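Each chain, written out:
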Amino acid sequence: MRLDRFLAEAGLGTRTEVKDLVRSGKVLVNGQTVKDSGLNVKDTDEIRLAGEKGAVVNRSAGPVWYMINKPAGTVCANSDKTAPTVIELFEKERVRDLFSVGRLDKDAEGLLLVTNDGELSHYLLSPSRHVDKKYYLRINGIPDADAGKRLAEGIEFKDFTSKPAVLDILKEDREKDSCEALVTVTEGKFHEVKRLIAAVGGEVKYLKRIAFGPLDLDPALAPGEYRELNENEIRQLYEAVGKEPLRSR
């Protein structure tokens, strides 16, 4: 594919605009400045914008994986007319076809995986793979005494019956009628955690995902910050779904 076509399809401008970008020496291919917009580039080439640290247009290693500490107020979508999206936080990466692995509610925070790897993402979200997602909650009300047992057995809603979940009450405040808890689920139904807690006598006021499968939220990531997963972390994700990595990164 011609370099100017690749840059245009990556969203860096019209064909005329990206030709000017290349001509001005602002594009590097495999670490070398190029000024020929007609240069033929391959999938194995790394294309980077000069002078912008981290502004990689594509990744030659294939699929990429990021961990982000999702901030409240953002939505897990590629575009939205009413709220900022988590994908907008990755604009400087210039990686095409990024999407979030599953969803967190708009008001929720915490660990979210973002990738362009559709196959592994599918396995991670499949209920049959039983990949745990753990959440820290602040709850108005104190769940019923048998709440843990009911969640472990599965709760029947009108539209589905939940798979077994684990409830761990961390702290109770009887005076304020509130508590803090951890909930672990293996599926991702719409508002599932909030609905589970409502079914056992509580109301979720704050929700933060702290673990996804084998990965814990990196404590160094402030809300809105992200980092790329390392090779070992990606291997752990494959192991969590019983698959072998397709390629080394």
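See above for the structure.
Residues numbered from 1 in each chain as written. Predicted model: local features only at pLDDT ≥ 70, side-chain atom pairs only at ≥ 80, totals over all residues. Heavy atoms only, no water.

Asks: What is the right way to read the overall build of the protein from this model?
Replies: When you go through the protein residue by residue, the secondary structure sums to six helices and twelve strands. With respect to the three principal axes, the spread of C-alpha positions in the protein is 70 × 35 × 35 Å. For the protein, the residues scored as buried account for 45% of the 249 residues in total. The long-range share in the protein, meaning contacts at least 24 apart out of those at least 6 apart in sequence, stands at 61%. As displayed, the protein has an accessible area near 13,200 Å², and 46% of this comes from carbon and sulfur atoms. (Helix = DSSP H or I, 4+ residues; strand = E, 2+ residues; numbered from the N terminus. Buried < 20%, exposed > 50% of the residue type's maximum accessible area, 1.4 Å probe, protein only. Contact = heavy atoms within 4.5 Å. Areas by Shrake-Rupley, 256 points an atom, 1.4 Å probe, with all protein chains shown as cover.)

Asks: Would you take a moment to explain the pairing of strand β7 (residues 133-140) for this structure?
Replies: Side-chain direction in a regular strand flips from residue to residue, so the side chains alternate between the two faces of the sheet. Two elements, β7 and strand β9 (residues 178-185), share eight bridges in a ladder whose sense is antiparallel. Residue pairing in the sheet places R138 in a bridge with E180 of β9. Relative to strand β10 (residues 203-212), β7 is paired through eight bridges, and the arrangement is antiparallel. Bridge assignment links L137 to a residue of β10, and that residue is L207. (Pairing = 2+ DSSP bridges.)

Asks: What is the right way to look at the nonpolar core in this model?
Replies: One broad trend across soluble globular proteins is that nonpolar side chains are buried collectively. Ranked by size, the top nonpolar core spans 34 residues in total, and within it V114, L137 and L207 carry the most contacts. The element best represented in this core is β9, accounting for four residues. Among the nonpolar cores identified, the runner-up in size contains 18 residues, and M67, V101, L124 and L237 belong to it. (Core = buried A, V, L, I, M, F, W, Y, C linked by side-chain atoms within 4.5 Å.)

Asks: Looking at this structure, I do not really get the packing of aromatic side chains. What am I missing?
Replies: The relation between two aromatic rings is expressed through the spacing of the ring centres and the mutual angle of the planes. Taken as a whole and judged by the stated rule, the model has five aromatic pairs. With a centroid separation of 6.1 Å and an interplanar angle of 70°, the aromatic rings of Y136 and Y206 are classed as edge-to-face. Taken as a pair, Y136 in strand β7 and Y206 in strand β10 lie far apart in primary sequence, 70 residues in all. Chaining the aromatic ring pairs together yields one cluster made of Y66, F90 and Y226. Here the basic side chain of R138 rests over the ring of Y206, its NZ or CZ set 4.3 Å away from the ring centre. (Phe/Tyr/Trp six-rings, centres within 6.5 Å; stacked < 30°, edge-to-face > 60°. Lys NZ or Arg CZ within 6 Å of the ring centre and 35° of its normal.)

Asks: Is there a simple way to think about the side chain of D105 in this case?
Replies: Within the fold, D105 resides in the loop between β5 (99-100) and β6 (109-115). Apart from the residues within four sequence positions on either side, D105 is in contact with K70, T74, H191 and K194.

Asks: For this particular structure, what's the right way to read the pattern of salt bridges?
Replies: For the structure on display, the rule yields 14 salt bridges. The partner of R235 in a salt bridge is E231, with the nearest N and O atoms 3.3 Å apart. On the criterion of helical spacing, the pair formed by R235 and E231 is a turn pair, its members being four residues apart in helix α6 (residues 231-240). Here R235 falls in the partly exposed class, since its relative accessible area comes to 33%. (Salt bridge = Lys/Arg side-chain N within 4 Å of Asp/Glu carboxyl O.)

Asks: Mind showing me how you'd approach the sheet that holds strand β1 (residues 27-29) here?
Replies: Working definition: the strands of a sheet are paired by backbone hydrogen bonds and lie parallel or antiparallel to each other. Taken together, the three strands give an open sheet; going across it, the order is β2-β1-β3, and neighbouring strands pair in antiparallel fashion. The open sheet is flanked by β2 (32-33) and β3 (47-49), the only strands paired with a single partner.

Asks: Even after reading the chapter, I still don't get the side chain of E233, so can you show me in this structure?
Replies: Within the fold, E233 resides in helix α6. Look at E233 and you get buried, because its relative accessible area is 11%. Engagement of the side chain of E233 in a polar contact is seen with the side chain of R227, the distance being 2.7 Å. Leave out the neighbours within four places in its chain, and E233 touches L215 and R227. (Polar contact = N/O pair within 3.5 Å; in protein donor to acceptor, adjacent residues only side chain to side chain.)

Asks: Just to check I follow, could you spell out the environment of P164 for this structure?
Replies: Topologically, P164 is positioned in the loop between α4 (147-153) and β8 (166-173). The exposure class assigned to P164 is exposed, which follows from its relative accessible area of 53%. Taking the C-alpha atoms as reference, P164 lies 8.6 Å from R150; in sequence the two are 14 residues apart. Excluding residues that lie within four positions of it along the chain, P164 makes contacts with L151, A152 and T186.

Asks: Even after reading the chapter, I still don't get helix α3 (residues 118-125), so can you show me in this structure?
Replies: The periodicity of an α-helix, 3.6 residues per turn, causes residues three or four positions apart to be oriented the same way. Taken as a whole, α3 has its buried residues at L120, S121, Y123 and L124. Seen end-on, α3 carries its buried residues on one side only, within an arc spanning 160°. Where α3 is buried, its residues touch β4 (65-70), β5, β6, β7, β10 and α6. (Arc of directions from axis to C-beta.)

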